[in-house]
2 protein chains.
Amino acid sequence: MLVNHQSWALRSLLGLALVVALLSDAQVRAEDGYDLWLRHEPVGGAAGSELNGITVAGPDSFADAGAEAMVSVALAELRSGLAELAGGESPPAAPLSIRLSCTDADIARGGAFALDGDSTGLTLRAGEASGCLYGAFALLRLLDTGERLTKIHHAEAPAMPLRLLNHWDNPDGTVERGYAGSSIFDWWHLPDHLDRRMIDYARANASVGINGVVVNNVNASAMMLEPRYIARLARLADAWRPYGIRVYLTARFSAPRDIGGLDTADPIDPAVARWWQNKADEIYAAIPDFGGFLVKANSEGQPGPGDYGRTHAEGANMLASAIGARGTVFWRAFVYAAEDETDRASQAYREFAPLDGAFADNVIVQVKNGPIDFQPREPFHPLFGAMRHTRVALEAQITKEYLGFATHVAYLAPLWKEVLDAETGHGGTVASSIAPAGMAGVANIGTARNWSGSHFDQANWYAFGRLAWNPQLSSEEIAREWLMQTFSRDPAFVSDVSAMMLNSRELVVDYMTPLGLAHLMATGHHYGPGPWVCDLARPEWNPCYYHRADKDGIGFDRTASGTDALADYAPSVAAQWAEPETTDPRLLLWFHHVPWDWALPDGKRLWPTLVEHYDTGVAGVAEMQAMWAAQAGKVDPRRHGDVTDFLAIQAKEARWWRDASIAYWQSLNGLPLPAGSAPPEHDLADYRARDFPEAPSD
Amino acid sequence: MLVNHQSWALRSLLGLALVVALLSDAQVRAEDGYDLWLRHEPVGGAAGSELNGITVAGPDSFADAGAEAMVSVALAELRSGLAELAGGESPPAAPLSIRLSCTDADIARGGAFALDGDSTGLTLRAGEASGCLYGAFALLRLLDTGERLTKIHHAEAPAMPLRLLNHWDNPDGTVERGYAGSSIFDWWHLPDHLDRRMIDYARANASVGINGVVVNNVNASAMMLEPRYIARLARLADAWRPYGIRVYLTARFSAPRDIGGLDTADPIDPAVARWWQNKADEIYAAIPDFGGFLVKANSEGQPGPGDYGRTHAEGANMLASAIGARGTVFWRAFVYAAEDETDRASQAYREFAPLDGAFADNVIVQVKNGPIDFQPREPFHPLFGAMRHTRVALEAQITKEYLGFATHVAYLAPLWKEVLDAETGHGGTVASSIAPAGMAGVANIGTARNWSGSHFDQANWYAFGRLAWNPQLSSEEIAREWLMQTFSRDPAFVSDVSAMMLNSRELVVDYMTPLGLAHLMATGHHYGPGPWVCDLARPEWNPCYYHRADKDGIGFDRTASGTDALADYAPSVAAQWAEPETTDPRLLLWFHHVPWDWALPDGKRLWPTLVEHYDTGVAGVAEMQAMWAAQAGKVDPRRHGDVTDFLAIQAKEARWWRDASIAYWQSLNGLPLPAGSAPPEHDLADYRARDFPEAPSD
């Protein structure tokens, strides 16, 4: 009998093992990147054992249904995440427990939480439900990255209140500067059908603290404000609310004319103000926690208050009044107008700085990280810290319009950290200047199964959220925790690949725009090099506007002898960049025009140094390829192969950037290459003739 | 010791059970439709047992590397498919075997195969490698649908040589008439990166016998013929070759001018012929088994030989000569020109019938199923059977441009069967008339995770392939086998849901265009009703052109007293439709204009019968909803919920079609509704005012 029983057990075991093998196989095949950093691979050993059979207990009563829904999400994420982390280990003799307390008066509201482990398990305390949500995801992250449940003592609070993704998604499903398929928002079937992807998207955002989403492009269609779109948006808002995410809309400033039947959109016109008031009321009736509006006004052909001789403040305040205390108006400072001869790097500063103090309390001015446009490297934007009486948010671009699209590995945390950590000269860093407002990231998300078009671009979504939550985190910490959750906890893997990530953005700078060069990409789609482009109607549409190279020298003089854009910065900051001799070489050609034989602080000349940067970039990509090849077997074959393919493209394109740039500079300066540096593979004419009408997302 | 061992086994079992539960959960979550009909759920019991431990043995030598690669795919599909079907059953005492013989002289070449089970397993014999490939998929299908391996005796041979998908995909990633996301072809990263989806796509096609793919839109960009696209296409061809799939390109007829530097595309010009000859040679150098070209010429603004006063035959033969014996030119008969006053239903016939015998041997004229354009119901196209000296292929539209996009459940096999089974009057059926050529289906495939945008639209992809392989299959057989493989083998489920599928297309006819009406969709995007549209420049752009309704009557007189399009048919067929009294009521208004009180064969009057059809359609969708609701628990919750949501949209849109159509007809005929029929929910003005600029794929 006993033998029979055992024999049955063993036979069943055999059958189960087979099923497990099959299911495992299915799971290996499913490793397509969809799960992002929420994979929760079993941790194994004693750490896994103590997660087995664990009980997770939530509070008994809730402030309201919203809090209850949010805590339910926290509990569900914990339960499924812990079960996945526990894997097949044996449970401990005395099962542990996790206790959630989501109305702890000792913890601040707004998302803060404290995790405290002890021999019986762990307590998660928060000031309100959102803190339990973020605490739950943080706990899973800590366990995913090797912490032992019972040893955890960890508290966090968000550094800034508003942490938003901006989607440049159009209602027709296209995505401006999108390299990851089409829009994830299936407006056509909303509100009747909610794609499951909308929930997984919310989970991913909540797990890194993102708490708002602007769903449509800054180059907006007024159609999104029509009733049928509001109904569609309401369904998204309902789905995302338990994940702590508020929905926002880009508002086309001319909407009262476009869809409202008025003959003006003048913000001073009472009928216009009334139209927006009614529109806001209509939206809030459908979405009580609607986040508010984002506006791109009087820039690149978009309508705005300037069309009626009104200021940005007059335009923004009219919308802010319509929304009232219910929400926020994000007003973009990215303005450059075809009529304006001012240095493009100065236009936003000169238009917005004088308006400091003129904006309503619920207006936030949204400023790009640098004064031009999401280049591989720019100095920080001079508006940060300069508007003492205005809330200013930082706009970062997660999608890599200027850094190799989705193909190139370019980990952006170091780029953002460079800006966040910069001293503004007005007392404090950029990070501290935006603390009362927040950060907005232009999403790199599309219908690609892995969300971002490439596996490594998931890291930029992740890093954006983590830095908006806590700009003190280092780029390396973020890379390491992302790698452990997304790929593997193998220490050698994490060490090698995080080093690759940390270096990757600088390599893009090296092979595209070293030494402070900028905006040399081919026009329109921004794919590949186009430094020779100089025949477009407006000066600032041309790469030659930005490099100003000729036979004698290169660089944009932004000092007093040039456009004096340098004067936009606080004196202590401007002083660092005033003289070419003392300017950080990484920004030299951003601020100065110098001869080709200019001596850099290390004594080397400009031209060979420039070539050296290009060569460093190309060689660095080859090193990335070799390093990644050595990781075979440490990650699943499919994702390993995908990355291998993309690195090969990156290597080819890095070489193209280097060769085309050098060929062009040589056509101007006639200088020979330094010894040991290979000549460009093709003639300049070949590079100039290349044409890519199919380049994505022009 | 024994006890300890058992205890260990039981504990491990517990652990494994947990893992299984987790993985099962993961698999349930992954039930997103990506696996199509290739899910291979375990069959259980004795049937599963005999698949356990089975050996699959292939031939030892191969005709060439291509055959070896194809047989390798067959073996791999069998091994993984059988392991999945076997599930966790115990293996039999003596494991069975499957033996492949892929060069059996008794079996025809071209894909035929024979399966013969016996007590030791099964033998798969084929005349060449492709037969082993199709036989392997057929064997898995038979096992999936309940056959016992050892009892199988089954032989098949394809009914027609060419079974193609036509993708209306543009190189920018958009898809004309695509309702399933954007294009699956990632041209941007090809040839350097091959998306895994390209392999899964090839598997799905091969499993239903599809052996060719036209990758780009019939409204083509000449860019696709440029060298960098040929390199990209070559990578796809290499990936698909082991699955028996040849690649084809739509060729823009003006390419010699667009990209060739010539100032003409006149097919009689020797330089033009030489350009195409060189282009074909360039393609064949990269893709030795390139399938050939598809051309849409002189239709809807596309360039063609008519631009130079040449015939379709002159244009097609010039391309055919460039390709030679290496491939095929598919020349579309879908022509209608803005200058031509001929009844649109007659234009293709009158232009092509006189060219019979003038086409080169490697030209196939590709004819839509009906004489207008993929309507819910049309009579068969009069060209079928009429071109006795020309190979003619049938073009079907799998994507549902006129049948509710991806949202409505409309199983299209009955529509295609209606045409395939029709007697042409020239001796034989439509199916027999295309047997020397084949079928082309306009794909409904996009980046949607479930490929087709809706779960039930996968059935149309499947049914297209199955009917092109064997037009004798019944719609019901195909529905049943698709359901068993895709959803569940539960007999009650299969019975209920196949009945729903079989009725679904007729319901669309009922609520959109009953009694032979056609093309009443809103213009451009074809979303929703627009029978009132009558103000567009060209007559045949207007729905009123097709219904010709006024206060006295409705319908298009295509008899001798009208446009005489009826004369395009063979006399025996035309006779059936010559008199309104004896015309099948399902086509009455296609061929005849009759008064509103026309008496139908059953004695009922036209107007109440028309309303009855609308009501039947609406009621039928409600029945589908109830039937589907009752299937909860029999299919995974996610797909069940997706279908439930879409059926609710379909119910709403069916009601809209009914109400708007009735309101419009009443505005013309002033007739009251029959007793018991509900008045339209809104005024006609409401329906006319509805506007959907965001409707997909206009």
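Position numbers for residues count from 1 along each chain, tracking the sequence in the order it is written. Starting at A for chains and at 1 for ligands, labels are handed out in the order in which the entities are written. Where local features are concerned, this predicted model is filtered to residues with pLDDT of at least 70; where side-chain atom pairs are given and counted, the filter is 80 or more; whole-chain, interface and lining totals use all residues. To obtain the side-chain values, all non-hydrogen atoms of the structure were used and water was disregarded.

1. Brief notes about the sheet that holds strand β5 (residues 153-156) of chain A
Residues and elements named next belong to chain A.
- Following DSSP output, two strands are said to pair if at least two bridges run between them. Helix and strand assignments follow DSSP, with helices taken as H or I runs no shorter than four residues and strands as E runs no shorter than two, numbered in order from the N terminus. Read across the open sheet, the five strands follow the order β1-β2-β4-β3-β5; overall the sheet is mixed. Two strands bound the open sheet, and with one partner strand each, they are β1 (55-57) and β5. Direction aside, neighbouring strands of the sheet carry axes that sit 10 degrees apart on average.
- Pairing of β1 with strand β2 (residues 97-101), which is carried by three bridges, proceeds in the parallel orientation. Residue pairing for β2: V56 is matched across the bridge by I98.
- Strands β2, β3 (113-118), β4 (121-126) and β5 of the sheet are contacted by helix α4 (residues 129-144), whose axis makes an angle of about 45 degrees with β3. Orientation is described by axes fitted as lines to C-alpha atoms, over the contacting stretch for helices, and by angles from 0 to 180 degrees between their N-to-C directions. Note on definitions: a residue-residue contact is assigned when non-hydrogen atoms from the two residues lie within 4.5 Å.

2. Regarding the side chain of A:D373
All names here are of chain A.
- Structurally, the position occupied by D373 is in the loop between β11 (363-368) and β12 (391-397).
- Under the rule applied, a polar contact is a pair of N or O atoms within 3.5 Å (in protein, one hydrogen donor and one hydrogen acceptor; residues adjacent in sequence only if both atoms are side-chain atoms). Within the local environment of D373, its side chain forms a polar contact with the side chain of Y402, the two groups lying 2.8 Å apart.
- The contacts of D373, once residues within four sequence positions are left out, are F334, R344, K368, E378, E401 and Y402.

3. Focus: the domain arrangement of chain A
All names here are of chain A.
- According to the domain assignment, chain A consists of domain 1 (32-156), domain 2 (162-486) and domain 3 (511-689).
- Between domain 1 and domain 2, the contact holds 20 residues from the first and 29 residues from the second.
- Note on domain 1 versus domain 2: buried area summed over both sides is about 2,400 Å², and carbon and sulfur give 59% of it.
- For this analysis, a salt bridge means a side-chain nitrogen from Lys or Arg found within 4 Å of a carboxyl oxygen belonging to Asp or Glu. Between domain 1 and domain 2 we count three salt bridges in total.
- Between E77 and R203 there is a salt bridge, with the nearest N and O atoms lying 2.6 Å from each other.
- For the interface between domain 1 and domain 2, the tally reads ten residue pairs in polar contact (both at pLDDT 80 or more).
- For the side of domain 1 that touches domain 2, the secondary structure elements donating two or more residues are α3 (65-86) and α4.
- Class assignment for the residues of the side of domain 1 that touches domain 2 results in eleven nonpolar, three polar and six charged. Each domain's limits were defined by an automated method or a database of domain assignments. Buried area is calculated as the accessible area (1.4 Å probe) missing from two parts once they are joined, with the contributions of both summed. Side-chain classes are defined by residue name, with Ala, Val, Leu, Ile, Met, Phe, Trp, Tyr, Cys and Pro counting as nonpolar, Asp, Glu, Lys and Arg as charged, and the others, Gly among them, as polar.

4. Some points on the UniProt feature "domain: Glycosyl hydrolase family 67 C-terminal" (unreviewed entry) in chain A
- UniProt positions are given in the numbering used here, feature names are shortened, and annotations may be inferred rather than shown by experiment. Per the UniProt annotation, the sites labelled "domain: Glycosyl hydrolase family 67 C-terminal" (unreviewed entry) are residues 453-676 of chain A.
- Between the end C-alpha atoms of residues 453-676 of chain A the distance is 37 Å, and the span holds 53% helix and 2% strand.

5. A few points about the packing of helix α5 (residues 197-207) of chain B against helix α6 (residues 227-240) of chain B
All names here are of chain B.
- It is at 10 Å that the axes of α5 and α6 come closest, and there the two elements cross at 50 degrees. Taken together, the axes of α5 and α6 are oblique relative to one another. The crossing of α5 and α6 is right-handed. Counted together, M198, I199, Y201 and A202 of α5 and L236, A239 and W240 of α6 form the full contact between these two elements.
- A per-class count over the contact of α5 with α6 returns seven nonpolar, no polar and no charged. Oblique is the label for any angle not covered by the other classes, which are roughly parallel (under 35 degrees), roughly antiparallel (over 145) and roughly perpendicular (65 to 115). Crossing handedness: left-handed means the near helix sits turned counterclockwise from the far one by under a right angle, and right-handed means the same turn made clockwise.

6. Quick look at the pairing of strand β8 (residues 246-250) of chain B
Residue and element names in this part refer to chain B.
- Three labels apply to residues, based on accessible area from a 1.4 Å probe with only protein chains included: buried if under 20% of the type maximum, exposed if over 50%, partly exposed otherwise in between. Summarising burial for β8: four of the five residues are buried, a large majority.
- Viewed along the sheet, the connection from strand β7 (residues 212-214) through α6 into β8 turns out right-handed.
- The pairing of β8 with strand β9 (residues 292-295) spans three bridges and is parallel. Its bridge partner being in β9, Y248 is matched across the sheet by G292. The definition of a right-handed crossover adopted here requires that, viewed with the strands pointing away, the path from the first strand over the helix to the second runs clockwise.

7. What about the state of the cysteines?
All names here are of chain A.
- Disulfide assignment relies on a single distance test, namely cysteine sulfur atoms paired within 2.5 Å. Within the structure shown, the criterion is met by four disulfides over all chains.
- The disulfide that involves C534 links it to C544, with 2.0 Å between the sulfurs. Judged by the sign of its S-S torsion, about 80 degrees, the bond between C534 and C544 is right-handed. Note that C534 is positioned in the loop between α15 (491-512) and α16 (543-547) and C544 in helix α16, a separation of ten residues in sequence.
- When the bonded cysteines of chain A are counted from the start of the sequence, the pairing works out to 1-2, 3-4.

8. Section: helix α14 (residues 475-486) of chain A
Residues and elements named next belong to chain A.
- Multiplying 1.5 Å by the helix residue count minus one yields the expected span of that helix. Taking 1.5 Å of rise per residue, the twelve residues of α14 would be expected to cover 16 Å, and the 16 Å separating its terminal C-alpha atoms lies within 8% of that figure.
- Taken across its twelve residues, α14 has nine buried, putting it largely inside the fold.
- Along α14, the residues that are buried comprise S475, I478, A479, E481, W482, L483, M484, Q485 and T486.

9. Some points on the side chain of A:Q485
All names here are of chain A.
- Relative to the helices and strands, Q485 resides in helix α14.
- For Q485, a relative accessible area of 4% gives the class buried.
- The contacts of Q485, once residues within four sequence positions are left out, are L36, W37, R39, R141, D144, T145 and Y462.

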